[in-house]
Amino acid sequence: MTMRTSMTIRMTGIAALSVAAGAWLWGNDGPEKQTRPAIEGLRRPFTRGDATAGREVFRFETFGNEGFWTDALRLPQGIMAEQITPLGLLELGMHIDIERVDNKLREGLEGQFGTDLSKELAPLLHDPDVTIALIEANAVVGFAAKDVDGDGRVDLQKGDKMGISCAICHTVVDGSVYQMPGNRGAVGKRLDGLGTWSLDVGGIIATGLNSRVFYPNLQLELGGMTIGRAPKGIRRDSSEAEVDAYLRNKDYYPRGTFDETNDGVGNSVQNTPLFRQDLADPYGSAGEFERLEDVSSASFSQNLDPTSLVTPPGRKFLTLRAGPHGEELADNYEAILKETAVTGYPFVQVTEHGLPPGHATSPTGRRVDAKKLADMNAYLADLPIPAGAKVDPAEAARGKQVFLAENCTDCHNLDPQEPLPYLLVELHALWPGYQPKELIVRKPPLVPLANSPGIYDDKLVVVDASDRSAFRGIPPVFLVDLARKPFFLHDASVPTLEVLFDPERGAEEPHPFYVEDAEERADLITFLKSLGGPGVQPPGT
């Protein structure tokens, strides 16, 4: 068997970590006996609360971000204005929890999804009022409707609001009622923890009547330059139509990804699965968070309500991370909020404030409720690893030997139910074509802000793990639920496993670890698809 890379596969940085970890990983018979990667550093203790309460936090908690999504972005108003139907929700890649729908409507939907979906035979599926009813019932996964006026019912047309919960990017349904073809949404029972790779996040944001308010998480033009997939960036004076065109362009904002950093870089990354999170640290696609509760708090206090960035601590965070570009971003964003009549921000309710800004524990100096975060930790730790795909056992067994012999365990576990290796793999080791150009020198321990041609490093240009003296790199991920995935690598840049391992992709490309023999390559892919645990069977596998 032969694997070709653009560099020696025993990459210098990884090999050094392996030696430092101790010879027991290798034994006396060489690297083919290694079944887990070397470990770097010490893990933080995992914080656990009540898993039952944590399920409700994961599915429905917003910490008040309905103020941002309803009053600032104006998403419910946009859904009504566009008259989005239930079929339109599925086209946006959203999932509908049929168990949250009242019996009468459920019976009608289940019957009509069994037809040819025409207006004549399925009128409910073409009715925008049904969409609003589903949102108000909290049946649209990740859309969390709130009874703001306290009258005991949710009515979005009479002052109640809708926010976003964690589930939007990390839950699918089983498709037992209907699965829209072509990596789109589905209707059925919830399967929490699976990555929502059907989700058109850009299209959802663009549906809001004021998508300009998502400015910090877009690809911007700052200091006369722009970084991202698009040829030009969004400016302070870009129109709503220009912002929407960017968000709806799948070459710039791919389906199944979310631009999770308030850095003005167009760097949306794939929606990650969230199961057995007690095994998954460090967290974040750049490994920037050591604790799960920290990434959760930042997600709510920044990404799902970026208005915290124009508070004094938020401005300090941006300046620490991006220097004058951060100051420009904050000034532009505050002007946009004023121009679009957004007031009363930040909207997310925190229990801690005045904390030191710029740290992973409190990037903008604010944290949401610690008990709810601990409860959600427990729920996400208890979600089991999903089952592997049903494959030919003989092919999988041969593929396992390829996996071991070609030293895939330098970075990845053989057993997917073992803790993920606590390490970052340096960008130079992962990407031979990485040629970073220094843009700004930042205060140590932050490494300089730098960018390379290409998009693979864009997530790490501004936000990385160097604030805790770790180098710029990417942590290993769970190798499970791979048969369902529509793309690979954190930037969703590779469409299939076949392409990922085919040397035709190129020696200078990210993750250039190729299997030249086509049969061995096919066996390896079969093995990877078979990996799993005791959890649910992902749809279609």
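First, a word on what this report is: a plain description of the structure on this page. (Residues numbered from 1 in each chain as written. Predicted model: local features only at pLDDT ≥ 70, side-chain atom pairs only at ≥ 80, totals over all residues. Heavy atoms only, no water.)

1. A look at unusual backbone geometry
Then step 1. The residue after Asp-281, namely Pro-282, is reached through a cis peptide bond having omega 0 degrees.
Then step 2. By secondary structure assignment, the location of Pro-282 is in the loop between β10 (269-270) and α11 (292-303).
Then step 3. Pro-445 follows Pro-444 through a cis peptide bond whose omega is 10 degrees.
Then step 4. Mapping Pro-445 onto the fold places it in the loop between β14 (437-440) and β15 (449-451).
Then step 5. One non-glycine residue, Asn-407, adopts positive backbone phi at about 65 degrees.
Then step 6. Relative accessible area serves as the criterion here: at 12%, Asn-407 is assigned to the buried category.
Then step 7. A positive phi is found at Ala-492, a non-glycine position, where the angle reads about 60 degrees.
Then step 8. Of note, Ala-492 is situated in the loop between β16 (473-474) and α17 (497-500). (Helix = DSSP H or I, 4+ residues; strand = E, 2+ residues; numbered from the N terminus. Buried < 20%, exposed > 50% of the residue type's maximum accessible area, 1.4 Å probe, protein only.)

2. A closer look at helix α4 (residues 75-82)
Then step 1. Where α4 is concerned, the buried positions are Leu-75, Pro-76, Gly-78 and Ile-79. Buried residues along α4 cover an arc of 160 degrees about the axis, so they all sit on one side.
Then step 2. Buried residues belonging to α4 abut α3 (66-72), α7 (128-136), β3 (143-146), β4 (161-164) and α9 (201-207).
Then step 3. The positive-phi residue at the C-terminal boundary of α4 is Gln-83, with phi of around 55 degrees. (Arc of directions from axis to C-beta. Contact = heavy atoms within 4.5 Å.)

3. Quick word on the pattern of salt bridges
Then step 1. Applying the stated criterion across every chain yields a total of 35 salt bridges.
Then step 2. Its salt-bridge partner being Asp-192, residue Arg-59 comes within 2.8 Å of it at the nearest N-O pair. Of the two residues, Arg-59 is situated in helix α2 (residues 51-60) and Asp-192 in strand β8 (residues 190-192); the sequence distance between them amounts to 133 residues. Of the two residues, Arg-59 and Asp-192, both sit in the buried class.
Then step 3. Across the pair Arg-315 and Glu-334 runs a salt bridge whose closest N-O atoms are separated by 2.6 Å. Remark: Glu-334 occurs in helix α13 (residues 324-339) and Arg-315 occurs in helix α12 (residues 312-322); sequence separation between them is 19 residues.
Then step 4. Look at Arg-315 and you get partly exposed, because its relative accessible area is 23%.
Then step 5. Three or more residues are tied together by salt bridges with common partners; here these are Arg-291, Glu-293, Asp-294, Glu-352 and Arg-367. (Salt bridge = Lys/Arg side-chain N within 4 Å of Asp/Glu carboxyl O.)

4. Regarding the sheet that holds strand β7 (residues 186-188)
Then step 1. If you walk across this open sheet you meet the 3 strands as β2-β7-β6, and the pairing is mixed. Where the open sheet ends on each side, the last strands, each with one partner, are β2 (95-97) and β6 (178-179).
Then step 2. The pairing of β2 with β7 spans 3 bridges and is parallel. By the bridge assignment, Ile-96 is partnered in β7 with Val-187. (Pairing = 2+ DSSP bridges.)

5. Observations concerning the packing of aromatic side chains
Then step 1. Per the counting criterion, the structure on display carries 15 aromatic pairs.
Then step 2. Each ring, one from Phe-214 and one from Phe-258, has its centre 6.5 Å from the other, and the planes form 50 degrees; the classification is tilted. Placement of Phe-214 in the loop between α9 and α10 (240-248) and of Phe-258 in strand β9 (residues 257-258) is noted, with a sequence separation of 44 residues between them. Considered together, Phe-214 and Phe-258 belong to a single accessibility category, that of buried residues.
Then step 3. Through successive ring pairs, a cluster of aromatic residues spans Phe-68, Trp-69, Phe-214 and Phe-258. (Phe/Tyr/Trp six-rings, centres within 6.5 Å; stacked < 30°, edge-to-face > 60°.)

Any functional reading would require information beyond the geometric quantities listed.
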